[in-house]
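Structure at a glance
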Amino acid sequence: MGPTPPASSENGSSPDEYSGINPELMEQFIASLEQARKVIGEETARVLNLLSSVDADRSAALPIREIEGWLDQEIPRLRKRNQMIQESDSLADWAPGLTGLGPPGPTPSPGGLMAFDERDLATHTLANDEGKKLAETLVRLSGTGPHSSGNDYDRAFAQLADRRGDADFTAGVFAALGPKGAAAVLRELNHYRGESARKHWKTMGEALAAAVARRPKSLGPAWEPENLGKAQGADLGLLLGHGRFPTGWLTEVVRPRVRKSPGDEVLARWTADLSHFLSALANNPETARALFNDLPREELRDLFSELNAEVSLYPNEYDPIAFDLEAEFGRMLAAGAGVFEKRSPGPGAVRFAFNAMTTMGDLRTGADFRNPEGQPMDVAKGARVFLSMLAGAYAAEMMEGASFRDANRTKDSVFEKTDTLILGLSPKFVLSPGDTYRFMKTFADSAEHMKPFEEGMGKFARHLMDSAAVKDQGKNVEYLGRAFIGMGYLAGMQIAATNEAQGKMDEYDQKARDRIFFLLGLGVDATGFGAAGLGLLEESFQDFIWLMISKSTTETIDSYKDIDGTRLDKLKETNRLATLGSEYWIFHELRRYGFSYKVPPTDPAFSQPPITGADGTLLPFSMLAKDPKALKNLADWLISNGSGSGDKSTAGEAAAEIDILFTGAKGKTRDNPAPWG
């Protein structure tokens, strides 16, 4: 329908490059033109009579006649144009809050104006009628069954797909179908080819969204929120499962589902009908926030518990037209928290994140008279990876929540900002250690589920380290030390959560080391990493830094002091190589931050074979690991740069100090992650 206009100013006017039509002013303008036409006609006749009376040349008055002709042609056009605008009640209100089609993300600028192409207005009725004809075709083909209708079915949906952004056309389709007819067409798709059925399903959702957003009145009363609110949830949830709908409209449709079933006040349970709308809420996170953000914590916990139980019973039906309910539940939570939005999360998204992070680790089974509090409930498996994404997106809040150094560590979670000792750490809310640990456990059951969190922590760790290094200037580790203490608390809590969730810490630890092993380029066709390769690794594998940090100090470099042939055999094991590679990485980072080497890697003692290239920089670790002698030289060089000098401007002394701080913090939360509940 044309480009989205820029926002209007406070007084309602638009920037010069965007123009609109005020119907009342247009009416006045047309009346003025008609009066001018009348005056010109009368005066022209007098002028021509005067010229004739004196036998003068009348050709000089011909331009006036041309003006008359132009006015006679344009005035009816202007009147018709204005009439079309005023009579087109099916246009959506020009109101703030109307969002466009597409995935969740930054919404168009509100300002009261909506762009349209007047050529579309001229074909408004025609497009609407064409939509109604397509609806008749879909109903007819659905009645014969998609298998028997063959390519006709695909052609009908292709026509809808081509015009799914044409609001007049789509309004005609869905006004003719009605909610029940549209649901019937969707149900027929279950008998169709899976991939094609899902494509057509998506087309229907996007087409309906266009009609609701821009031609709501043309759809008729059946599509009004108060009537849809009474509709059966399963069919309606499928219809709304794709597309971006106006927030107010969708909120009114879904709100009746956010209620408790009638019954005893103590035992009343939330209606399960809401589960059918999880995909719609995931695609329209503003609606999820509007529905859930103001619920009290206990009520929200009970609602999410009911949803979790429902989706766990029916995680993924086999029909092509069906949602993976477990995954959609998790996606809704992540989307509501703003995880998928490119911009920084707004206040509503932050509030949603706080609510999710303080409730999802505390889900309970339904209460009964014998157990009024219910029993702890595991998060649905398909939802867990999305909670990991949420934790990674709110890494600052997770890190603050894991800290044992803060004065608020014994208090409950609170939705307010707080000051911290760590440069670059600015949490938007405060989680208690208990809530942080419980939320960590929701996705700690596997390395695959943990990975999105580790990716988020990798990016955040880089931010903290760079911020601290600017202040330390390679002279000491005052600020780096604070950052590593904070990261140590969180790493320890991660270990404890993983151990409790999996009961197999060795297995998880080995998977993490396998990941490091891969990233270092060991045993794979990779260049490994050296001074030039680290940035590429960090960019390509976002969990790189957190894995290096959280695993780097589990074995200190001192374990390589007695390195010999037998030890070299052990170094071929993944975990030992990964540990040595992590030490390599830490030294590289400290050197990059301005810390010096007590013994340079070009020292002749480590030159047979050399551990540096012709330019004097360390060789890629994967290259060193292929030669046991080079690996021994690397280990000896790292040891020679170890602590003992007392000079914290050297990489060895700085690394030793960081190791002490990080390991101490990690041990506290690993052994007792939530002492205050």
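Here the structure is shown first, and the text comes after it.
Looking now at the overall build of the protein chain. Check the secondary structure of the protein chain and you find 29 helices and zero strands. Put simply, the protein chain has 677 residues, and 51% of those count as buried. When contacts within the protein chain are restricted to residue pairs at least 6 apart in sequence, long-range pairs at least 24 apart make up 75% of them. With an accessible surface of roughly 31200 Å², the protein chain has 51% of that area assigned to carbon and sulfur atoms.

The omega torsion of the bond from Q608 to P609 falls at -5°, within 30 degrees of zero and hence cis. Relative to the helices and strands, P609 is located in the loop between α26 (574–592) and α27 (621–625).

Moving on, we get to the packing of helix α6 (residues 151–162) against helix α8 (residues 194–214). Two quantities define a packed helix pair, namely the angle between the helix axes and the distance between the axes. The interhelical angle for the contact between α6 and α8, taken along N-to-C directions, is 35°, at an axis separation of 9 Å. At the point where α6 passes α8, the crossing takes the left-handed sense. For the pair α6 and α8, contact is made by D154, F157, L160 and A161 and by S196, H200, T203, M204 and A207, respectively. For the contact of α6 with α8, a count of residues per class yields five nonpolar, three polar and one charged.

Here the focus is helix α13 (residues 285–292). Along α13, seven of the eight residues are buried, which leaves the element largely enclosed by surrounding structure. Those residues of α13 not exposed but buried are P285, E286, T287, A288, R289, L291 and F292. Turning to α13, the residues buried within the fold contact α11 (247–254), α12 (278–283), α14 (297–313), α15 (325–336) and α16 (347–359).

Moving on, we come to the packing of aromatic side chains. Using the criterion set out here, one finds 19 aromatic pairs in the structure. Ring centres of F443 and F453 lie 5.7 Å apart, and the angle between their planes is 45°; on these two criteria the pair is classed as tilted. Of this pair, F443 sits in the loop between α19 (433–441) and α20 (447–472) while F453 sits in helix α20, and the two are 10 residues apart along the sequence. An identical accessibility class is assigned to F443 and F453; each is buried. An aromatic cluster is present here, built from F292, F304, F329 and F352 joined pairwise through their rings. The ring of F415 carries R351 above its face, with NZ or CZ at 4.6 Å from the centroid. Positioned above the aromatic ring of Y479 is the side chain of R482, whose terminal nitrogen or guanidinium carbon lies 5.0 Å from the ring centre.

Turning our eyes to something else, we now look at the pattern of salt bridges. In this structure the tally under the stated criterion is 31 salt bridges. A salt bridge links D302 to R301; the shortest N-O distance between them is 3.4 Å. According to the relative accessible area criterion, D302 is partly exposed, its value standing at 26%. Notably, a salt bridge pairs E657 with K648, separated by 3.8 Å at the nearest N-O pair. On the accessibility criterion, K648 (34% relative accessible area) is partly exposed.

Quick notes on the rules
- Residues numbered from 1 in each chain as written.
- Predicted model: local features only at pLDDT ≥ 70, side-chain atom pairs only at ≥ 80, totals over all residues.
- Heavy atoms only, no water.
- Helix = DSSP H or I, 4+ residues; strand = E, 2+ residues; numbered from the N terminus.
- Buried < 20%, exposed > 50% of the residue type's maximum accessible area, 1.4 Å probe, protein only.
- Contact = heavy atoms within 4.5 Å.
- Areas by Shrake-Rupley, 256 points an atom, 1.4 Å probe, with all protein chains shown as cover.
- Axes fitted to C-alpha atoms, helices over the stretch in contact; angles between N-to-C directions.
- Left-handed = near helix turned anticlockwise from the far one by under 90°.
- Nonpolar A, V, L, I, M, F, W, Y, C, P; charged D, E, K, R; others polar.
- Phe/Tyr/Trp six-rings, centres within 6.5 Å; stacked < 30°, edge-to-face > 60°.
- Lys NZ or Arg CZ within 6 Å of the ring centre and 35° of its normal.
- Salt bridge = Lys/Arg side-chain N within 4 Å of Asp/Glu carboxyl O.

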